[in-house]
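Examining the three-dimensional arrangement
In case you want the letters, here they are:
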Amino acid sequence: MKKIICLVVLALVLVSWKQKEADYAIISGIITHKKADWKIVSKDQSVIHTLKIDAQGKFRDTLRVKEGIYFLYDGTNYAQIYIENGSVIVVNADTNDFNKTVKFSGKGSEATNYLGLKMETEGKLIGDEKSFYSQEEAVFKAKSKEIKTSLETVLDGVKGISESYKTKEKRNLNYSYLANLDNYEKYHEYFAAKPGFKVSQGFLSDLDGLSFENAEDFNFSEDYKKLIVAHYTKEGDKISKSTSISEDAALLQALGSISNANIKNSLLFSSAELGITMTTDLKTYYKSFMNASTSEANKKAITESYNKLLIVDKGQPSPKFEKYENNSGGTTSLEELKGKYVYIDVWATWCGPCMAELPFLQKLEEKYHGKNISFVSISVDKASAHDKWKKMIVDKKLGGIQLIADKDFDSQFIKNYSIMAIPRFILLDPAGNIVSSNAARPAEEDKILKLFTDLGI
């Protein structure tokens with residue numbers, strides 16, 4: 001009897017140990033010639049774990065994270081890594097030649113090795129993005145199907161990969177194919193230089209009947225998420241056109257119709273977290289979010305942002321900046337600019353979309369030269385890029401008042417406006433009050449000219 005009891009106790013201990021083992025993953029290995037900290041970073045950057053690497057390059061860390069794709073990253077080199085509970089992944093690499101030397105082994109490494117093969121195969125088949133999306137419809141669709149089939153073959157050829165992962169990944173490959181089709185119209189219009197291009201009837205028939213309520217695929221597949229967002233963006237456009245509310249607030253209304261609470265609240269929050277800082281109608285946007293969301297935690301977070309943004313809403317006195325370095329010499333404070341409207345461009349030399357706005361900004365400055373408005377550009381470049389900032393002003397013949405913020409994105413003026421993405425344009429009235437904390441961009445010529453005309457500038 002005692003023997004039986006001991007065996008039962010031992011079995012319970014083993015079951016308990018197995019359950020405990022399954023709630024974390026272990027990553028270890030050797031990374032030589034380390035030049036910077038290596039981190040495990042989630043795609044949305046909500047998880048950032050710095051690996052504890054010793055002088056010999058050895059490390060061993062325990063991770064408690066949600067199953068999914070992460071990036072092993074040191075600021076220069078990176079690799080995708082798939083982490084799930086119970087994995088014991090070993091990484092070996094030399095940062096002097098990372099891409100050729102990085103190797104993954106150990107329990108659960110099969111999915112990570114597949115991701116490397118997938119990226120390599122997909123890259124070769126797609127080639128450059130412009131050529132890929134410039135293909136005519138039939139050729140593009142056939143090529144997209146070939147990519148899907150080839151990647152399924154790669155997946156089937158990786159030994160040791162779990163059937164659970166394989167099943168989900170095959171659905172993901174189909175979503176990637178569907179996402180390519182869904183993106184084709186706008187990308188072909190751009191890359192093939194065909195303004196107003198529309199796909200032919202039936203081109204998107206493969207998307208017919210697609211469910212947008214699959215929670216498992218939502219958590220696993222980024223392309224499935226993109227398809228959901230694209231679908232509800234179109235639904236939001238319909239709402240916006242049939243009502244008087246803005247497109248961004250209408251998107252929240254559309255997302256609010258999703259029946260799966262996890263999908264709905266996740267997409268609402270990811271949209272509103274940045275969107276509320278960029279909307280042109282703060283009160284309507286906030287109301288739309290609060291009506292749509294059923295997550296109390298998300299409502300609390302967005303309410304905190306909303307209350308902060310009320311300080312920089314239309315009609316409020318603008319936060320000040322003081323003694324920002326002026327490229328022309330000396331310093332400039334916002335207080336000195338009172339008496340005229342002030343159109344502020346927050347930008348940086350590393351920002352591609354900012355560069356795209358410059359020709360339109362120069363054209364706008366020329367049109368309103370001598371009028372009751374000052375054009376001010378505030379760079380949020382780091383101090384290390386100071387010379388680059390000075391050089392770009394000369395090289396691109398930038399006009400207006402060219403300033404550089406005192407602490408880049410950590411500058412209080414930037415924080416006060418809750419600026420999370422650039423370019424950002426702000427319009428102030430002659431008294432220093434806010435006309436718009438998210439003014440139309442120079443490239444939105446009709447909008448910005450109408451705004452200036454309505455103000456009598």
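Conventions adopted
Residues numbered from 1 in each chain as written. Predicted model: local features only at pLDDT ≥ 70, side-chain atom pairs only at ≥ 80, totals over all residues. Heavy atoms only, no water. Disulfide = S-S within 2.5 Å. Buried < 20%, exposed > 50% of the residue type's maximum accessible area, 1.4 Å probe, protein only. Phe/Tyr/Trp six-rings, centres within 6.5 Å; stacked < 30°, edge-to-face > 60°. Helix = DSSP H or I, 4+ residues; strand = E, 2+ residues; numbered from the N terminus. Lys NZ or Arg CZ within 6 Å of the ring centre and 35° of its normal. Contact = heavy atoms within 4.5 Å. Lys, Arg positive; Asp, Glu negative; His and termini not counted. Salt bridge = Lys/Arg side-chain N within 4 Å of Asp/Glu carboxyl O. Pairing = 2+ DSSP bridges. Axes fitted to C-alpha atoms, helices over the stretch in contact; angles between N-to-C directions. pLDDT = per-residue confidence, 0-100. Expected span 1.5 Å × (residues − 1). Bend = angle between axes of the 7 residues up to and from the residue.

Within this structure, the stated rule accounts for 1 disulfide. Residue pairing for Cys-351: its cysteine sulfur links by disulfide to Cys-354, the two sulfurs lying 2.3 Å apart. Because the torsion about its S-S bond is 80°, the bridge between Cys-351 and Cys-354 counts as right-handed. Of the two residues examined, Cys-351 and Cys-354, each falls in the buried class.

Scanning all chains against the criterion turns up 25 aromatic pairs. Judged by centre distance (4.9 Å) and plane angle (75°), the ring pair of Tyr-82 and Tyr-165 falls under edge-to-face. One end of the pair, Tyr-82, is in strand β6 (residues 78–83); the other, Tyr-165, is in helix α6 (residues 163–191), and 83 residues separate them in sequence. Exposure class is identical for Tyr-82 and Tyr-165. Each is buried. When the centroid spacing of 5.0 Å and the interplanar angle of 70° are considered together, the rings of Tyr-190 and Phe-191 count as edge-to-face. Looking at Tyr-190, the relative accessible area reads 62%, which means it is exposed. Taken together, the aromatic side chains of Phe-132, Tyr-133, Phe-140, Tyr-184, Tyr-187, Tyr-190, Phe-191, Phe-197 and Phe-203 make up a single cluster linked through ring pairs. Residue placement shows Lys-141 over the ring face of Phe-203; its charged tip is 5.3 Å from the ring centre. Positioned above the aromatic ring of Phe-218, the side-chain terminus of Lys-225 is 5.0 Å from the ring centre.

Our next topic: the environment of Asp-313. Here Asp-313 shows up in the loop between α12 (296–309) and β9 (324–326). Ignoring anything within four residues of it in the chain, the contact list for Asp-313 reads Leu-282, Lys-283 and Ile-434.

Here Glu-365 is to be found in helix α13 (residues 352–367). Nearest to the buried, unbridged Glu-365 among oppositely charged side chains is Lys-340, at 13 Å. Non-local contacts of Glu-365, meaning those with residues more than four positions away in its chain, are made with Phe-375, Gly-399 and Gly-400.

Here we come to the pairing of strand β4 (residues 58–63). Across the two faces of β4 the burial differs, with Phe-59, Asp-61 and Leu-63 buried and Lys-58, Arg-60 and Thr-62 not buried at all. Examined bridge by bridge, strand β1 (residues 25–32) and β4 share 6 bridges and lie antiparallel to one another. Each bridged residue has a counterpart across the sheet, and for Ile-26 the counterpart in β4 is Thr-62.

For the rest of this paragraph, the subject is the sheet that holds strand β12 (residues 373–379). Read across the sheet, 7 strands follow the order β10-β9-β13-β12-β11-β14-β15 without closing on themselves; strand pairing throughout is mixed. Of all the strands in the sheet, just β10 (331–332) and β15 (434–436) have a single pairing partner and so form its edges. As paired elements, strand β11 (residues 341–347) and β12 share 7 bridges and run parallel to each other. Bridge pairing links Tyr-341 to Ile-373 in β12. Those strands touched by α13 are β11, β12 and β14 (424–428), and its axis lies near 160° from that of β11. Contacts between helix α14 (residues 386–395) and the sheet are confined to β9, β11, β12 and β13 (401–404), with β13 contributing the most and set at about 170° to the helix.

So, on to the environment of Ile-89. Following the sequence through the fold, Ile-89 ends up in strand β7 (residues 88–94). Taking the C-alpha atoms as reference points, Ile-89 and Arg-60, 29 residues apart in sequence, are found 9.7 Å from one another. If we skip the residues at most four places from it in the chain, Ile-89 touches Ile-26, Ile-27, Ser-28, Ile-81, Tyr-82, Phe-104, Ser-105, Lys-107, Gly-108, Ser-109 and Thr-112.

So, about the confidence of the model for the protein chain. Mean pLDDT over the protein chain stands at 93; residues scoring 70 or higher make up 95%. Here residues 1–10 is a poorly scored stretch, pLDDT under 50, and it has 0 contacts once near neighbours within four places are set aside; other chains count. Ignoring residues within four places in sequence, the model shows residues 12–20, a span with pLDDT below 50, making 0 contacts including any to other chains.

Right, let's talk about α13 for a bit. Taking 1.5 Å per residue as the helical rise, α13 with its 16 residues ought to reach 22 Å, and the 24 Å between its terminal C-alpha atoms agrees with that figure. In α13, a bend of some 35° at Leu-358 exceeds every other bend along the element, and Pro-359, a proline, comes one to four places later. Along α13, the residues classified as buried are Cys-354, Met-355, Glu-357, Leu-358, Leu-361, Leu-364 and Glu-365. Here the buried face of α13 lies against β11, β12, α14, β14 and α16 (445–454).

To continue, consider the sheet that holds strand β5 (residues 68–73). Here 4 strands make up an open sheet; going across it, the order is β3-β2-β5-β6 and the pairing antiparallel. The strands lining the two open edges of the sheet, one partner per strand, are β3 (48–50) and β6. On average, each strand axis in the sheet is tilted by 25° relative to the strand beside it, whichever way the strands run. As defined by bridge partners, β5 adjoins β6 across 6 bridges and the pair is classed as antiparallel. Counterpart to Tyr-70 in the pairing with β6 is Ile-81. Here helix α3 (residues 110–126) sits on the sheet and contacts β5 and β6; the angle it forms with β6, its principal contact strand, is near 140°.

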